[in-house]
Amino acid sequence: MDHILIAGAGPVGMVAASCLADAGVRVTILEQSPDLPDDLRASTFHPPTLDMLERFGVVPAMIEQGLVCRQWQVRDRARGVIATYDLGVLRDDTNHPYRLQCEQWRLTRMLRDRLATNPDVTFCYGATVAGVTQDGDGVDVALEDGEVVRGAWLIGADGARSAVRKALGVAFEGMTIPEVFLTLSTSFRFEQAIPDLANIAYISDPDEWFVLLRTAGLWRLLLPTQPSETEEGMLRAQRIEERMQGVLPTGVPYDVRHRTAYRVHERVAEKYVVGRVMLAGDAAHVNNPLGGMGMNGGVHDAFNLAAKLIEVLRGADAALLGRYERQRRKVAVEVVQQQALRNRANMNNRDPVKREAAFAEMRATVSNPRKHREFLLRGSLIQSLRDLENVA
Ligand SMILES: Cc1cc2nc3c(=O)[nH]c(=O)nc-3n(C[C@H](O)[C@H](O)[C@H](O)COP(=O)(O)OP(=O)(O)OC[C@H]3O[C@@H](n4cnc5c(N)ncnc54)[C@H](O)[C@@H]3O)c2cc1C
């Protein structure tokens with residue numbers, strides 16, 4: 001069967017590789033880093049993503065290494081809990097009625113281990129894609145070191161700065177959010193300091209909002225920064241300590257384990273499919289991390305694309321790949337971008353009247369079982385997957 005190239009061994013590239021390899025397809029993964037990246041990035045897996053990953057047999061280990069979070073909260077910094085959402089209401093909609101907090105690098109490593117003995121799968125590290133050309137039979141990928149690798153099809157899963165997307169000349173329209181996001185992790189036990197704190201909490205405040213996410217062993221914090229702050233300045237130990245004391249004053253220095261400054265864009269690629277090259281994940285769409293939809297949406301792309309590509313390799317018309325673009329681009333534009341923008345607008349809301357109205361709506365949602373379920377079906381991306389069936 002045809003040989004498939006995948007640029008990028010992030011969660012999206014690794015999921016696509018796993019689907020293809022399980023179908024007996026020969027796959028080569030081109031990854032620029034010397035090993036799988038293990039930096040601090042997404043850590044929220046939504047219910048349908050876990051349902052999809054079940055087929056690889058990795059979910060029990062992810063649960064063992066992660067933290068099952070059935071509930072998440074919106075809190076007002078001064079008044080405490082505003083609304084507690086309970087994913088248990090989705091028990092008839094998913095095998096996993098919870099969010100799993102588990103760092104994305106754990107998944108990529110598990111998938112690599114699973115593929116390690118598959119003779120059809122080749123990992124090339126230190127392989128930076130620099131150019132792409134294609135003809136009627138295949139794709140030539142030029143690496144930075146001058147080597148050219150040829151395959152029948154190429155999946156560009158090489159992240160937000162995708163060299164594949166740039167080589168195709170595909171526009172990446174949208175905007176850059178003015179504030180940089182700071183992602184920190186600490187061993188401090190927020191659950192002991194704030195007794196009614198859920199493991200996932202969005203803390204609203206007219207002056208400075210933040211998000212607290214618990215993972216196995218650490219708490220992660222997501223904080224916006226002032227557009228005027230430099231990345232170097234915001235990452236300085238003294239400034240980080242100030243921010244931590246601003247979140248919860250303890251008078252004792254925090255044990256900060258990771259710190260990352262993260263510039264956020266809201267963009268969707270104009271096209272996902274160009275001839276024999278397909279874009280997926282961050283290479284195709286990026287959004288702010290509120291709601292944890294970037295990686296989840298990307299993994300959903302990978303499953304959708306791989307299933308269609310396997311059909312094409314087995315003889316289906318290549319036009320089927322156009323449906324991948326129509327389905328998944330629609331989700332990126334109409335669901336993920338819109339939801340992420342709404343989440344950011346809610347967190348940035350400073351107007352006291354509008355804040356109270358938003359809080360009242362949240363309380364009304366969680367106290368009405370039908371609304372509560374519908375809200376969580378949308379927020380966990382289950383609804384977007386169901387709606388795909390209506391996209392021709
Ligand atoms: C610093 C940071 C923090 C984040 N935090 C959050 C968060 O808290 N919550 C959230 O929901 N999302 C977060 N995200 C976004 C989330 O990590 C992405 O949505 C997710 O990683 C997308 O997966 P992907 O596989 O498409 O891309 P990536 O995970 O970016 O993987 C792309 C892979 O391609 C490789 N690559 C890149 N260029 C090339 C090239 N030219 N040739 C070969 N290989 C290449 C990279 O090394 C990488 O391994 C964060 C992103 C960043 C950058």
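All residue numbers refer to positions counted from 1 along the written sequence of the respective chain. Per-residue local features are limited, in this predicted model, to residues with pLDDT of at least 70; the limit for side-chain atom pairs, both in listing and counting, is 80 or more; totals at the level of whole chains, interfaces and linings are taken over all residues.

Colleague: Break down the overall build of the protein chain for me, with residues and values.
Modeller: The helix and strand tally for the protein chain stands at 13 helices and 20 strands. Radius of gyration here uses only the C-alpha atoms, and the compact-globule reference equals 2.2 Å multiplied by the residue count raised to the power 0.38. At 21 Å, the protein chain has a C-alpha radius of gyration in line with the 21 Å of a compact globule built from 392 residues. Considering only C-alpha atoms, the protein chain reaches an extent of 60 × 45 × 40 Å along its principal axes. For the protein chain, with 392 residues in total, the buried portion stands at 43%. A pair of residues counts as a contact when their C-beta atoms, built from backbone coordinates, are separated by no more than 7 Å. Excluding contacts between residues fewer than 6 apart, the proportion of contacts in the protein chain whose partners are at least 24 apart in sequence is 74%. Strands here are runs of E lasting at least two residues and helices are runs of H or I lasting at least four, both read from the DSSP assignment and numbered beginning at the N terminus. Burial is judged by counting other C-beta atoms within 10 Å of a residue's own C-beta: 20 or more means buried, 12 or fewer means exposed, and anything between counts as partly exposed, with every C-beta placed from the backbone.

Colleague: Go over the packing of helix α1 (residues 11-22) against helix α4 (residues 104-115), please, and point to the residues and values.
Modeller: Look at α1 against α4: their axes get within 9 Å of each other, and the N-to-C directions meet at 25°. Taken together, the axes of α1 and α4 are roughly parallel relative to one another. For the pair α1 and α4, the sense of crossing is left-handed. Contact residues: Pro 11, Met 14, Val 15, Ala 17, Ser 18 and Ala 21 in α1; Gln 104, Leu 107, Thr 108, Leu 111, Arg 112, Arg 114 and Leu 115 in α4. All amino acids are sorted into three groups, where Ala, Val, Leu, Ile, Met, Phe, Trp, Tyr, Cys and Pro are nonpolar, Asp, Glu, Lys and Arg are charged, and the leftover types, Gly among them, are polar. Partitioned by chemical class, the residues of the contact of α1 with α4 number 8 nonpolar, 3 polar and 2 charged. Here, axes are lines fitted to C-alpha atoms. For helices the fit covers the stretch in contact, and angles between N-to-C directions go from 0 to 180 degrees. Oblique is the label for any angle not under 35 degrees, not over 145, and not in the 65 to 115 range, which are roughly parallel, roughly antiparallel and roughly perpendicular in turn. Crossing handedness is defined as follows: a turn of the near helix away from the far one that is anticlockwise and smaller than a right angle gives a left-handed crossing, while the clockwise case is right-handed.

Colleague: I'd like a description of the site of the ligand, backed by residues and values.
Modeller: We count a residue as near a molecule or strand when its backbone-placed C-beta atom lies within 6 Å of that partner. Inspection of the region around the ligand gives 33 residues, with Gly 8, Gly 10, Gly 159, Gly 281 and Gly 294 positioned closest. Every element with two or more residues in the shell around the ligand is listed here: α1, β2 (26-31), β17 (256-269) and α9 (294-313).

Colleague: Account for the packing of α9 against helix α10 (residues 320-348), naming residues and giving values.
Modeller: A pair of packed helices is characterised by two quantities: the angle between their axes and the separation of those axes. Contact geometry of α9 with α10 gives a least axis separation of 9 Å together with a crossing angle of 170°. What the angle tells us is that α9 and α10 run roughly antiparallel. On α10, the residues touching Gly 297, Asp 301, Asn 304, Leu 305, Lys 308, Leu 309, Glu 311 and Val 312 of α9 are Leu 320, Leu 321, Arg 323, Tyr 324, Gln 327, Arg 328, Val 331, Ala 332 and Val 336. Taken together, the residues of the contact of α9 with α10 sort by class into 9 nonpolar, 3 polar and 5 charged.

Colleague: Got a sec to walk through the pairing of strand β16 (residues 218-224)? Specific residues and values, please.
Modeller: For β16, the buried fraction is high: 6 of the 7 residues fall into the buried class. Judged from the 6 bridges that link them, strand β13 (residues 172-186) and β16 form a sheet pairing that is antiparallel. Paired with Thr 183 across the two strands is Leu 222, which belongs to β16. Each pair of strands is called paired provided DSSP finds at least two bridges between the two strands. When strand β15 (residues 210-215) meets β16, the two strands line up antiparallel, connected through 5 bridges. For Val 211, the partnering residue across the bridge sits in β16 and is Leu 222.

Colleague: Before we move on, can you summarise the nonpolar core with the specific residues and values?
Modeller: A set of buried Ala, Val, Leu, Ile, Met, Phe, Trp, Tyr and Cys residues, joined to one another through C-beta atoms within 7 Å, is what we call a nonpolar core. Membership of the largest hydrophobic core comes to 102 residues, with the highest contact counts inside it found for Ile 6, Ala 16, Val 164 and Ala 280. Broken down by element, the residue count for this core peaks at 8 residues, all from α1. When near neighbours in sequence (up to four residues on either side) are disregarded, Val 164 contacts Ala 7, Val 129, Val 132, Leu 154, Gly 156, Asp 158, Val 277, Leu 279 and Ala 283.

Colleague: Lay out the sheet that holds strand β19 (residues 277-279) with the relevant residues and their values.
Modeller: The 6 strands lie next to each other as β8-β2-β1-β12-β19-β18, forming an open sheet whose pairing is mixed. Looking at strand neighbours, the two that pair on one side only are β8 (121-125) and β18 (273-274), the edges of this open sheet. Pairing of strand β12 (residues 153-156) with β19 involves 3 bridges; the strand directions are parallel. Bridge pairing in β19 places Ile 155 opposite Met 278. With respect to the sheet, α1 is in contact with β1 (3-7), β2, β8 and β12, its orientation differing from that of β2 by roughly 165°.

Colleague: How would you sum up the sheet that holds strand β10 (residues 139-143)? Please name residues and give values.
Modeller: Picture the strands of a sheet paired through backbone hydrogen bonds; they go either parallel or antiparallel. Read from one edge of the open sheet, 3 strands run β9-β10-β11, paired in antiparallel fashion. The open sheet has two edge strands, β9 (129-134) and β11 (148-151), and neither has a second partner. Looking at each pair of strands side by side, their axes are set apart by 20° on average, direction ignored. Across 5 bridges, β9 lies against β10 in antiparallel orientation. Among the inter-strand pairings, Val 129 is bridged to a residue of β10, identified as Leu 143.

Colleague: Break down the environment of Val 25 for me, with residues and values.
Modeller: Tracing the chain through its elements places Val 25 in the loop between α1 and β2. In sequence terms Val 25 and Leu 5 are 20 residues apart; their C-alpha atoms lie 11 Å from each other.

Colleague: Kindly report on helix α11 (residues 352-367), identifying the contributing residues and their values.
Modeller: Here the expected span of a helix is defined as 1.5 Å times the quantity of residues minus one. Between its first and last C-alpha, α11 extends 23 Å over 16 residues, near the 22 Å set by a 1.5 Å rise per residue. Counting buried positions over the 16 residues of α11 gives 0, only a small fraction of the element.

Colleague: How would you sum up unusual backbone geometry? Please name residues and give values.
Modeller: At Leu 381, a residue that is not glycine, the phi angle is positive and equals roughly 75°. Judged by C-beta crowding, with 24 C-beta atoms within 10 Å, Leu 381 ranks as buried.

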